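# A look at the structure
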Amino acid sequence: MTIQEAQNAVDQWIKTIGVRYFSELTNMAVLTEEVGELARVMARKYGDQSFKAGEKDNLGEEMADIFWVLCCLANQTGVDLTEEFRKSIEKKTKRDATRHKENEKLK
């Protein structure tokens, strides 16, 4: 599935099952909540915390939830994530062409 196909799939789901989009501000709050859920799993899996009874290692699920809400926000605000991601890679490639290779901390 491409990014554009994902945006379209989310839009179709919202329009047929989800009734309507939440407001942009609500979706921003939901995105923040989902990032927090990912942070919790990361802290338990890779950090110093342990999973509580009943918690599970659902790293991929939490990442997918973030992507879902990001697609919602993109759809609501007219953002083509495919194009914006392409531009982001281009920007980072130009800006950081030698930066990381020359970073002593990364050697």
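Let me begin by describing the structure that accompanies this report. Not measured: the values here are computed from a predicted model.

## Side note on unusual backbone geometry
The backbone of Val-19 shows a phi angle near 75 degrees, a positive value even though the residue is not glycine. Looking at where Val-19 falls in the secondary structure, it is placed in the loop between helix H1 (3-16) and helix H2 (24-45). Residue class for Val-19 comes out exposed when judged on its relative accessible area of 72%.

## Digging into the state of the cysteines
Evaluation of the coordinates by the stated rule reveals zero disulfides. Cys-71 carries a free sulfur, and the closest cysteine sulfur to it, the one in Cys-72, is 7.3 Å from it. Judged by its relative accessible area of 0%, Cys-71 falls in the buried class. Residue class for Cys-72 comes out buried when judged on its relative accessible area of 4%.

## Side note on the packing of aromatic side chains
Overall, the coordinates contain one aromatic pair when judged by the stated rule. Between Trp-13 and Trp-68, the aromatic rings sit 5.3 Å apart at their centres with planes inclined by 80 degrees, giving edge-to-face as the arrangement. Residue Trp-13 is located in helix H1, and its partner Trp-68 is located in helix H3 (residues 59-77); the two are separated by 55 residues in the primary sequence.

Reading guide: rules and limits
Residues numbered from 1 in each chain as written. Predicted model: local features only at pLDDT ≥ 70, side-chain atom pairs only at ≥ 80, totals over all residues. Heavy atoms only, no water. Helix = DSSP H or I, 4+ residues; strand = E, 2+ residues; numbered from the N terminus. Buried < 20%, exposed > 50% of the residue type's maximum accessible area, 1.4 Å probe, protein only. Disulfide = S-S within 2.5 Å. Phe/Tyr/Trp six-rings, centres within 6.5 Å; stacked < 30°, edge-to-face > 60°.

Without other data, these values stay purely geometric and don't point to any function.
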